[in-house]
Amino acid sequence: MLDSTNIKYPPLQLIQTWVWMMIESDNPELQDKGRNNLILAFGTLAKANEYLTQSLNK
């Protein structure tokens, strides 16, 4: 479980946009940009996925 008490994450809609860029886009540059933004914001894609899962289940 992520401890988000002291960490400021980007807005959920922005995170969802990055995920869309990474998964749905046919443009390799957009895919890389989405992946890189998620990694910069969370450190790993696994942490980004965990945060999204927790946020969407609230």
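Before reading further, recall that the structure is shown in the block above.
Because the structure is predicted, anything quoted here is derived from the model rather than measured. (Residues numbered from 1 in each chain as written. Predicted model: local features only at pLDDT ≥ 70, side-chain atom pairs only at ≥ 80, totals over all residues. Heavy atoms only, no water.)

**Q** Give me helix H2 (residues 28-42): which residues, what numbers.
**A** Its 15 residues give H2 an end-to-end C-alpha distance of 21 Å, which sits within 8% of 21 Å, the value for a rise of 1.5 Å per residue. Within the sequence span of H2, burial applies to Gly 34, Asn 37, Leu 38 and Phe 42. Down the axis of H2, the buried set is contained in an arc of 105 degrees. They therefore lie on one face. Exposed residues on H2 whose side chains face more than 90 degrees from its buried face are Pro 28, Glu 29 and Leu 40. Considering only its buried residues, H2 is in contact with helix H1 (12-23) and helix H3 (45-56). (Helix = DSSP H or I, 4+ residues; strand = E, 2+ residues; numbered from the N terminus. Expected span 1.5 Å × (residues − 1). Buried < 20%, exposed > 50% of the residue type's maximum accessible area, 1.4 Å probe, protein only. Arc of directions from axis to C-beta. Contact = heavy atoms within 4.5 Å.)

**Q** Before we move on, could you go through the pattern of salt bridges and cite the residues and values that matter?
**A** Under the defined criterion, the tally for this structure stands at 1 salt bridge. Asp 32 is the partner of Arg 35 in a salt bridge, and the nearest nitrogen-oxygen pair spans 2.9 Å. With a gap of 3 residues between them, Arg 35 and Asp 32 both fall in helix H2, about one helical turn apart. On the basis of relative accessible area, Arg 35 is assigned to the partly exposed category, the value being 29%. (Salt bridge = Lys/Arg side-chain N within 4 Å of Asp/Glu carboxyl O.)

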